[in-house]
Amino acid sequence: DSFVEFQQYLEYDTLSSDIGFATSFKQFLSSQYCEEEWTFIEEVEQWKRMRKDGFVEQAYERQRSLIGQYILVTGKKELNIPQRMKDNILNEHEENKDLSSISIFDEVITTSHTQLKEEKFPLFMASDIFYNFLKRKQEFPDQQEDEENKKQTRANLALRRLSVRITNLIKS
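What you see is a predicted model; the values in this text were computed from it and never measured. (Residues numbered from 1 in each chain as written. Predicted model: local features only at pLDDT ≥ 70, side-chain atom pairs only at ≥ 80, totals over all residues. Heavy atoms only, no water.)

A. Structural context of the overall build of the protein chain. What the protein chain contains, in helices and strands, is nine helices and zero strands. What you see in the protein chain, going N to C, is helices and strands ordered as α-α-α-α-α-α-α-α-α. In the protein chain, which comprises 172 residues, the proportion classed as buried is 40%. The contacts of the protein chain with a sequence gap of at least 6 include a subset with a gap of at least 24, amounting to 66%. By element, 49% of the accessible surface of the protein chain is carried by carbon and sulfur atoms, the whole surface being about 10300 Å². (Helix = DSSP H or I, 4+ residues; strand = E, 2+ residues; numbered from the N terminus. Buried < 20%, exposed > 50% of the residue type's maximum accessible area, 1.4 Å probe, protein only. Contact = heavy atoms within 4.5 Å. Areas by Shrake-Rupley, 256 points an atom, 1.4 Å probe, with all protein chains shown as cover.)

See below:
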């Protein structure tokens, strides 16, 4: 059954690496006024790349910006995380007075992924934006499958099969 196959391979963790999914999911989050977790994860990844590329001064400024926007109560995009996590980040940032450990945001990233996966992803799957994502997958399948990413390939195939079934159900 396509739906069982769909559930087996269509997982948040698998799809989050798909550019089309990421764009659609971010659009959905924006429409629901709850994109903070997603943008936080993206910005922390940029911050980590800065550090690895040796842009220490810019990485420190980005770190301060991330804390100001997402961790502090006064932040425009304050994340819904336990106070203990906020305190841990603020203490590490204050103790170091310079660039903190690269793992300073890891616990918040894990929490944000969990919130996206368990709270937002099911809502997204029931949305018109998700339906349109499935239709696009059906109409414009990937031209070239990536041999190294078999799980993504299976997810794409399951998406295509499911989108065909949904379209057929709607037509009947």
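B. Structural detail: the side chain of Gln63. Following the sequence through the fold, Gln63 ends up in helix α5 (residues 56-71). Ignoring any residue separated from it by four or fewer positions in sequence, one finds Gln63 in contact with Trp47, His93, Asp98, Leu99, Ser100 and Phe105.

C. The arrangement of the nonpolar core in detail. In this structure, Phe21, Phe25, Phe40, Trp47, Phe105 and Phe124 are the most contacted members of the largest nonpolar core, which totals 36 residues. Counting residues per element, the ones that place at least two in this core are α2 (12-15), α3 (19-31), α4 (36-52), α5, α6 (83-96), α7 (106-125) and α8 (128-139). Discounting chain neighbours no more than four positions away, the residues touching Phe25 are Tyr12, Trp38, Leu116, Lys120, Phe121 and Phe124. (Core = buried A, V, L, I, M, F, W, Y, C linked by side-chain atoms within 4.5 Å.)

D. Looking closely at the pattern of salt bridges. Under the defined criterion, the tally for this structure stands at six salt bridges. Measuring nitrogen to oxygen at the nearest pair gives 3.0 Å for the salt bridge that ties Lys26 to Glu42. On the criterion of sequence distance, the pair formed by Lys26 in helix α3 and Glu42 in helix α4 is long-range, its members being 16 residues apart. (Salt bridge = Lys/Arg side-chain N within 4 Å of Asp/Glu carboxyl O.)

E. α4, seen in detail. Over its 17 residues, α4 extends 24 Å from the first C-alpha to the last, a length consistent with the 24 Å expected when each residue adds 1.5 Å. Buried within α4 we find Glu37, Trp38, Thr39, Phe40, Ile41, Glu43, Val44, Trp47, Lys48 and Met50. Elements in contact with the buried residues of α4: α2, α3, α5 and α7. Looking at the residues trailing α4, positive phi occurs at Gly54, about 85°. (Expected span 1.5 Å × (residues − 1).)

F. Focus on the packing of α4 against α5. Two elements in contact, α4 and α5, have axes whose closest approach is 9 Å; the angle formed by their N-to-C orientations is 165°. On the basis of their axis angle, the class for α4 and α5 is roughly antiparallel. Between α4 and α5 lies a crossing of left-handed hand. Residues Glu36, Thr39, Phe40, Glu43, Val44, Gln46, Trp47, Met50 and Arg51 of α4 form the contact with α5, whose participating residues are Gln58, Ala59, Arg62, Gln63, Leu66, Gln69 and Tyr70. (Axes fitted to C-alpha atoms, helices over the stretch in contact; angles between N-to-C directions. Parallel < 35°, antiparallel > 145°, perpendicular 65-115°, else oblique. Left-handed = near helix turned anticlockwise from the far one by under 90°.)

G. View of the packing of aromatic side chains. In total, this model carries 14 aromatic pairs according to the counting rule given. Between Phe25 and Phe121 the ring centres are 6.3 Å apart and the planes differ by 80°, which places this aromatic pair in the edge-to-face class. Of the two residues, Phe25 is situated in helix α3 and Phe121 in helix α7; the sequence distance between them amounts to 96 residues. Look at Phe121 and you get buried, because its relative accessible area is 6%. Taken together, the ring pairs in this structure connect Phe21, Phe25, Phe28, Trp38, Phe121, Phe124, Phe130 and Phe133 into an aromatic cluster. (Phe/Tyr/Trp six-rings, centres within 6.5 Å; stacked < 30°, edge-to-face > 60°.)

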